[in-house]
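What follows is the residue order along each chain.
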Amino acid sequence: QGAFDRKTNMRIYQHTLIVPLDLFYNLTHHTVEKIRINYPNKKHTITLSSEQQEGVREAVRCIGKAVELFPIKP
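The notes below deal with the structure included here. Not measured: the values here are computed from a predicted model.

1. Focus: unusual backbone geometry
In step 1: That bond from Phe70 to Pro71 is cis: its omega, -5°, falls within 30 degrees of zero.
In step 2: As for its placement among the helices and strands, Pro71 is situated in the segment after helix H2 (50-66).
In step 3: Phi is positive for Asn9, which is not a glycine, with a value near 60°.
In step 4: With respect to the helices and strands, Asn9 occurs in the loop between strand S1 (3-5) and strand S2 (10-12).

Here it is as C-alpha cells:
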C-alpha cells in the first residue's frame, strides 16, 4: 500500500527481493536503464535518468559493502 510522505506529497513503496549473487555483481558494474512494475491488472515501465541509474548502482554497491560482498576481494 505504501506510506504517504508529506515532504514530497507522494506515496513511498518499499519492495524486497532475493537477488542471486551473479546478478548482484552485474548490478554493481552495469546500469539499470528501466524498471518494470507488474501490478495484478497493469504493467508499467519506468525509464531511469542517468542520475537515477547511477543512484541504483551506488545503492547496490552500498548494500554489498554492508554485507561484505563488495568490492570483490581476491
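2. Concerning the packing of aromatic side chains
In step 1: Applying the stated criterion across every chain, the model contains one aromatic pair.
In step 2: For the pair Phe24 and Tyr25, a centre-to-centre distance of 5.2 Å together with 70° between the ring planes defines the contact as edge-to-face.
In step 3: Owing to a relative accessible area of 9%, Phe24 belongs among the buried residues under this scheme.

3. Notes on H2
Structural remark: α-helix, 3.6 residues per turn; residues separated by three or four positions point the same way.
In step 1: Over its 17 residues, H2 extends 24 Å from the first C-alpha to the last, a length consistent with the 24 Å expected when each residue adds 1.5 Å.
In step 2: The set of residues buried in H2 consists of Gln53, Arg57, Val60, Arg61 and Gly64. With its buried residues spanning 100° around the axis, H2 presents them on a single face. Among the exposed residues of H2, those pointing more than 90 degrees away from its buried face are Glu51, Cys62, Ile63, Lys65 and Ala66.
In step 3: On its buried side, H2 packs onto helix H1 (21-29).
In step 4: Glu68 lies just past H2 and shows a positive phi near 60°.

4. Looking at the layout of surface pockets
In step 1: Estimated volume of the largest pocket: approximately 940 Å³.
In step 2: Together, 22 residues line the largest pocket, and Tyr13, His15, Leu17, Ile35 and Val56 are the ones closest to its centre.
In step 3: Elements supplying a minimum of two residues to the lining of the largest pocket: S2, H1, strand S3 (34-39) and H2.
In step 4: The dominant element in the lining of the largest pocket, judged by the number of residues it contributes, is S3, at five residues.

5. Considerations on the pairing of strand S4 (residues 42-47)
In step 1: Two elements, S3 and S4, share six bridges in a ladder whose sense is antiparallel. Each residue of the ladder has a partner; that of Lys34, found in S4, is Thr47.
In step 2: If you look at the hairpin formed by S3 and S4, you'll find two residues sitting between the two strands.

Cut-offs applied
- Throughout, a residue's number is its position along its own chain's written sequence, starting from 1.
- This being a predicted model, a pLDDT of at least 70 is required before a residue's local features are given, and a value of 80 or more before pairs of side-chain atoms are given or counted; all residues contribute to the totals for chains, interfaces and linings.
- Hydrogens are left out, water is left out, and the side-chain values use all remaining heavy atoms of the structure.
- Note on conventions: DSSP H or I runs of at least 4 residues are helices, E runs of at least 2 residues are strands, and numbering of each starts at the N terminus.
- Ring pairs shown here join Phe, Tyr and Trp side chains whose ring centres sit within 6.5 Å, with only the six-membered ring taken for Trp; geometry is labelled stacked below 30 degrees between planes, edge-to-face above 60, and tilted in between.
- Summary of the burial criterion: residues with accessible area below 20% of their type's maximum are buried, those above 50% are exposed, and those between are partly exposed, where the area comes from a 1.4 Å probe applied to protein chains only.
- Every helix has an expected span of 1.5 Å times one less than the residues it contains.
- Each direction from the helix axis to a C-beta atom contributes to the arc, which is the arc of those directions.
- What makes two residues a contact is simply this: any of their non-hydrogen atoms within 4.5 Å.
- Note on definitions: the grid is 1 Å and covers protein atoms alone; a cavity is a set of points where a 1.4 Å probe fits but cannot get out; a pocket is an open set with protein on both sides within 12 Å along at least five of seven lines; lining residues have an atom within 4 Å of a point.
- Grid points are joined across faces, edges and corners, and a volume is the space filled by probe spheres set on the points.
- Here, strands pair whenever DSSP counts at least two bridges between them.

Purely geometric numbers; function is a separate question.
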